[in-house]
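If you want the building blocks of each chain, they are given just below.
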Amino acid sequence: MSQSPILTLVSRSYCHLCQEMEVALRPLLAEFDIDLEVLDVDADPTLEALYDELVPMLLHDGAELCHYFLDVRKVRDYLGEIR
């Protein structure tokens, strides 16, 4: 049995957009049986240098799916292709 794909949400704790994207992602994660890894941009200087002003940033295997707001259609289409 293959392992579920993992999406990465680069986030920060005090960011309301980050919290909103994580909540909005939950139905898609359940629908496609996808796992989510949440990384705190402020806890890693490398992440902060890459994504500081772009959070929330949703990634899969390092490729950007969307940032600031969840693009439900784009992410759903993408997940349909990789599942």
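Here, the structure is the one placed above.
This structure is a prediction, so every number in the text was calculated from the model and none was measured.

Trainee: How would you sum up the overall build of the chain? Please name residues and give values.
Mentor: Per the secondary structure count, the chain includes three helices and four strands. Counting from the amino terminus, helix and strand elements in the chain follow one another as β-α-β-α-β-β-α. In terms of C-alpha radius of gyration, the chain reaches 12 Å, essentially the compact-globule figure of 12 Å for 83 residues. Its C-alpha atoms give the chain principal-axis dimensions of roughly 35 × 25 × 15 Å. Among the 83 residues that make up the chain, the fraction classed as buried is 37%. Within the chain, contacts between residues separated by at least 24 positions form 63% of all contacts whose residues are at least 6 apart in sequence. The chain carries 6 positive and 17 negative side-chain charges, and their two centres are separated by 8 Å.

Calculation criteria
Residues numbered from 1 in each chain as written. Predicted model: local features only at pLDDT ≥ 70, side-chain atom pairs only at ≥ 80, totals over all residues. Heavy atoms only, no water. Helix = DSSP H or I, 4+ residues; strand = E, 2+ residues; numbered from the N terminus. Rg over C-alpha atoms; globule rule 2.2 N^0.38 Å. Buried < 20%, exposed > 50% of the residue type's maximum accessible area, 1.4 Å probe, protein only. Contact = heavy atoms within 4.5 Å. Lys, Arg positive; Asp, Glu negative; His and termini not counted. Charge placed at Lys NZ, Arg CZ, Asp CG, Glu CD.

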